[in-house]
Amino acid sequence: MERLYWTKADVFEAEVEVKAVGANKVVIEPIVFHPEEGGQPADRGLIGEAEVLGVEAVGGQVVHTLDRPLEEGKYTARVDKERRLYTASQHTAQHIISGIAENQYGLKTTGVHIGPERCTVDFDKKIDGETLQKLERQSNEAVGRNLPVETVFNEPEVRARSELKEIEGDLIRVVKIADIDKSACCGAHLGSTGQVGLIRLIDMESKKEGTRVYFLAGRKGLEFSQQETMILKELRKTLRCATGELPEIVQRNLEQVGKLNREVNRLWSQGLADMAKSAEVIELGSSKVGIQVAEVPGKLAAKLAALIAGEVEGVGIVVSETQIAINSNTLDAGDLLKQIQGRAGGKGGGSARAANGQLARAVTREELVKILKN
Ligand SMILES: [Zn+2]
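What you see is a predicted model; the values in this text were computed from it and never measured.

(A) Region of interest: the domain arrangement of the chain. As far as domains go, the chain holds domain 1 (4–79), domain 2 (84–233) and domain 3 (273–373). Averaged C-alpha coordinates put domain 1 and domain 3 at centres separated by 68 Å.

(B) View of the side chain of His91. Inspection of the secondary structure puts His91 in helix α2 (residues 81–105). A distance of 2.9 Å separates polar atoms of two side chains, one belonging to His91 and the other to His189. Setting aside residues no more than four positions away along its own chain, His91 makes contact with Gln40, Ile114, Cys185, Gly187, Ala188 and His189.

(C) Seen up close, the sheet that holds strand β3 (residues 45–47). One closed barrel accounts for six strands, arranged β1-β2-β5-β4-β3-β6; its pairing is antiparallel. Looking at each pair of strands side by side, their axes are set apart by 45 degrees on average, direction ignored. Two elements, strand β1 (residues 13–22) and strand β2 (residues 25–29), share five bridges in a ladder whose sense is antiparallel. Paired with Val18 across the bridge in β2 is Ile28.

(D) Representation of the packing of aromatic side chains within the structure. By the definition in use, this model includes one aromatic pair. Their ring planes at 45 degrees and their centres at 6.0 Å tell us that Trp6 and Phe153 sit as a pair that is tilted. Linking Trp6 in helix α1 (residues 4–7) with Phe153 in strand β9 (residues 150–153), this pair joins segments that are 147 residues apart in sequence. Note on Phe153: relative accessible area 28%, which makes it partly exposed.

(E) Inspection of the coordination of the zinc ion at higher detail. Around the zinc ion, the protein contributes the donor atoms His91 (NE2), His95 (NE2), Cys185 (SG) and His189 (NE2), which lie 1.9 to 2.2 Å from the metal centre. Here the zinc ion is ringed by four donor atoms whose angles at the metal span 95 to 125 degrees, and the overall shape comes out tetrahedral. Of note, the donors binding the zinc ion are all from one chain and are spaced H-x3-H-x89-C-x3-H. Of this pair, His95 sits in helix α2 while His189 sits in the loop between β11 (181–184) and β12 (199–207), and the two are 94 residues apart along the sequence.

(F) Seen up close, the packing of helix α5 (residues 246–277) against helix α6 (residues 301–312). Here α5 crosses α6 at 45 degrees, and the two axes come no closer than 9 Å. Accordingly, the angle class assigned to the pair α5 and α6 is oblique. Both α5 and α6 take part in a crossing whose hand is right-handed. Together, Leu272, Ala273, Met275, Ala276 and Lys277 of α5 and Lys303, Leu304, Leu307, Ile308 and Glu311 of α6 make up the contact between the two elements.

(G) View of the environment of Gly350. Along the chain, Gly350 falls in strand β18 (residues 346–350). With 265 residues separating them along the chain, Gly350 and Leu85 place their C-alpha atoms 58 Å apart. Excluding residues within four positions of it along the chain, Gly350 makes contact with Gly334 and Ala355.

(H) Examining unusual backbone geometry more closely. Cis geometry is adopted by the peptide bond preceding Pro30, which originates at Glu29 and carries an omega value of 0 degrees. Mapped onto the elements, Pro30 comes out in the loop between β2 and β3. With a phi angle near 40 degrees, Ala178 is a residue other than glycine that sits in the positive phi range. When its relative accessible area of 44% is taken as the criterion, Ala178 is described as partly exposed.

(I) Region of the structure containing the nonpolar core. By size, the foremost hydrophobic cluster in this structure holds 32 residues, and its most contacted members are Ile96, Ile97, Phe123, Val196, Ile199 and Leu201. Elements that contribute at least two residues to this core include exactly α2, β8 (119–123), α3 (129–144), β10 (173–177), β12 and β13 (210–217). Sort the elements by how many residues they give to this core and α2 lands first, with six residues. Counting 21 residues, the second largest nonpolar core, distinct from the first, contains Leu284, Ile291, Ile317 and Val319.

(J) Main features of the state of the cysteines. Considering all chains together, one arrives at zero disulfides under this definition. Lacking any disulfide linkage, Cys186 is separated from the closest cysteine sulfur, that of Cys185, by 6.5 Å.

Conventions adopted
- Residues numbered from 1 in each chain as written.
- Predicted model: local features only at pLDDT ≥ 70, side-chain atom pairs only at ≥ 80, totals over all residues.
- Heavy atoms only, no water.
- Domains from an automatic or database assignment.
- Helix = DSSP H or I, 4+ residues; strand = E, 2+ residues; numbered from the N terminus.
- Polar contact = N/O pair within 3.5 Å; in protein donor to acceptor, adjacent residues only side chain to side chain.
- Contact = heavy atoms within 4.5 Å.
- Pairing = 2+ DSSP bridges.
- Axes fitted to C-alpha atoms, helices over the stretch in contact; angles between N-to-C directions.
- Phe/Tyr/Trp six-rings, centres within 6.5 Å; stacked < 30°, edge-to-face > 60°.
- Buried < 20%, exposed > 50% of the residue type's maximum accessible area, 1.4 Å probe, protein only.
- Donors = N, O, S within 2.8 Å, 3.2 Å for Na, K, Ca; no water.
- Tetrahedral: all angles 85-135°; square planar, octahedral: opposite > 155°, others 65-115°.
- Parallel < 35°, antiparallel > 145°, perpendicular 65-115°, else oblique.
- Left-handed = near helix turned anticlockwise from the far one by under 90°.
- Core = buried A, V, L, I, M, F, W, Y, C linked by side-chain atoms within 4.5 Å.
- Disulfide = S-S within 2.5 Å.

What follows is the structure, encoded as structure tokens:
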């Protein structure tokens, strides 16, 4: 069934005949709302006073789900223009990208998705960075040529590009953009390529045998580029360098951080051994308990507790601010943690061998000894 926007890209309002097909579900004639299909989201808008919440192509019909029941009859249908122009811009950009990719680089489009924040087009082969840049430049040249986006019907041998479902088999709508593209498509487009304004290919990633290209067209594409420009400005300021120097400087800084981390780890492993030896040792029954209250990096507390437990051949307890780690060869570590938390509060737990947690407040070594001895 023919749709108004196939031949009239700039018509967003029309008088329509409404027929009910279910609870809050109607079909209209002529069809002015694009249903969700071919990777392009459905239109929104109004039919009379009723809000269009969803539009689907089902069983040879375009069915509209409304926010209220609507009596059959004549109404004015209004498409949410801003939303339509966004999806139509992205979708028209995708025709340009897909057409050039196929003609110039032999890349077949295998999937399309138009999202609210970014859009994707999937190709069947790998693409390198240089090809992506060329594809972006050529796409924008096609925008600059301001070519008409035309609709023709029933052209032989024009195939649908992705998972586009035809509503009626006898009416195949084909979209033509001069020498750029020709493909069967049910979607909503702009009237000319110039209206797209700008096409940015913003990212790509490998996908099985092929490539997923992320793109944004029009105002959204410009806003994306503006934000990236601001981020680069911030980075130049922070790292006190020119844009071109950023990759090398970030790389150099990361290497420096890696080197310092290795040095810190080396110093800590030496420090932990000394701290294990200097732990205060008390006796609980026949078991020796080594206690160390000191600031250690979070992930090293458990390691230090284990070193102390080995050193005293009993229990190791480490308290670093409110963090606590217990390791034991003799007593039940989980029970000891519960006993301490009974007085100092907090959460966490563990087994007889090792327990870790947080205390509700910091405790001193003296208090810890007192708690254990009670
Ligand atoms: Zn299309």
